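An overview of the molecular structure
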Amino acid sequence: GAGVSQTPSNKVTEKGKYVELRCDPISGHTALYWYRQSLGQGPEFLIYFQGTGAADDSGLPNDRFFAVRPEGSVSTLKIQRTERGDSAVYLCASSLTHRGDTQYFGPGTRLTVL
Amino acid sequence: AQKVTQAQTEISVVEKEDVTLDCVYETRDTTYYLFWYKQPPSGELVFLIRRNSFDEQNEISGRYSWNFQKSTSSFNFTITASQVVDSAVYFCALGAPSNTGNQFYFGTGTSLTVIP
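In short, a report on the structure.

**Remarks on the packing of aromatic side chains**
A complete count under the given rule lists 24 aromatic pairs over all chains for this structure. Taking 5.9 Å as the distance between ring centres and 75° as the angle between the ring planes, the aromatic pair formed by F105(A) and F106(B) counts as edge-to-face. Here F105(A) is found in strand β10 (residues 104-105), whereas its partner F106(B) is found in strand β11 (residues 104-106) on a different chain. Across the pair, exposure class does not vary: F105(A) and F106(B) are buried alike. Consider the rings of Y64(B) and W66(B), whose centres lie 6.0 Å apart with planes at 85°: the pair is edge-to-face. You'll find Y64(B) and W66(B) in the same group, each marked buried. Among the aromatic residues, ring-to-ring pairing joins Y33(A), Y35(A), F45(A), Y48(A), Y104(A), F105(A), F35(B), Y37(B), F47(B), F91(B), F104(B) and F106(B) into one connected group.

Here it is in structure tokens:
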């Protein structure tokens, strides 16, 4: 079956612009996660969805970051007024449920803010 | 607080050597899960293994084996007879489910280079 997919694979934008990153989880997975990975670091948690609602958004760095999952499947991570420090690989993962299940990761979106 | 430490930043071995990647974790939860992921140069995180805190049995899968010791809060990963295709960054992760979520806490990774 299909794994987690993310689009675009690469995104280059200018400082101050708005970007949207999309994640399509594994079919049937109710839990969806966003992480951010900087060079030489492990992934850092941003936000977690159980169904349509954001159950935990404690990892979002500030109010420029927002994510939605309106129908409980596809999710979009939105970043307003991008800054150079937002440059990173944004990873999406999904799991069957949230109780300790394995998270399966997508290939990521590499965001570069010039 | 939840934390994962991978003290080895980079390791190089010659093909066919055995190599052990260390992982030490911190948590106050009694129920938790430990994972290893492989991140090859292509960038996608590949799941390798999941263990829960109540199962300390070591596990072997082909050339891979894992040693889970709660007494030392360690979950080490050994590759036997390493191959060039094993070259990647390996991440250890801790999952401590709560009522609100299941975020993973990742270590900083160990970059393994297998020299032919």
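Next comes the rest of the description.
**So, the sheet that holds strand β8 (residues 75-79) of chain A**
Residues and elements named next belong to chain A. The sheet built from four strands is open, its strands ordered β1-β3-β8-β7 with antiparallel pairing. Whereas interior strands pair on both sides, the edge strands pair on one side only; in this sheet they are β1 (5-7) and β7 (65-68). Here the average twist between neighbouring strands, direction ignored, is 15°. Relative to β8, β7 is paired through four bridges, and the arrangement is antiparallel. The partner of F65 across the bridge, within β8, is I79.

**A short note on the state of the cysteines**
Two cysteines whose sulfur atoms are joined by a covalent bond form what is called a disulfide. Under the defined criterion, the tally for this structure stands at two disulfides over all chains. Disulfide pairing is shown between C23(A) and C92(A); the S-S distance is 1.8 Å. One quick way to see it: the torsion about the S-S bond of C23(A) and C92(A) is about -65°, and its sign makes the bridge left-handed. Within this pair, whereas C23(A) is found in strand β3 (residues 19-24), its partner C92(A) is found in strand β9 (residues 88-95), the two being separated by 69 residues in sequence. Classification of C23(A) by relative accessible area gives buried; the value is 0%. In this structure C92(A) comes out as buried when scored by relative accessible area, which is 0%. Between the sulfur atoms of C23(B) and its disulfide partner C92(B) the distance amounts to 1.9 Å. Between C23(B) and C92(B) the sulfur-sulfur dihedral comes to about -65°; the bridge is accordingly left-handed. Linking C23(B) in the loop between β3 (19-21) and β4 (24-26) with C92(B) in strand β10 (residues 88-95), this pair joins segments that are 69 residues apart in sequence. Per residue, the accessibility class of C23(B) equals that of C92(B), and both read buried.

Thresholds, definitions, all that
Residues numbered from 1 in each chain as written. Chains lettered and ligands numbered in written order. Predicted model: local features only at pLDDT ≥ 70, side-chain atom pairs only at ≥ 80, totals over all residues. Heavy atoms only, no water. Phe/Tyr/Trp six-rings, centres within 6.5 Å; stacked < 30°, edge-to-face > 60°. Helix = DSSP H or I, 4+ residues; strand = E, 2+ residues; numbered from the N terminus. Buried < 20%, exposed > 50% of the residue type's maximum accessible area, 1.4 Å probe, protein only. Pairing = 2+ DSSP bridges. Axes fitted to C-alpha atoms, helices over the stretch in contact; angles between N-to-C directions. Disulfide = S-S within 2.5 Å.

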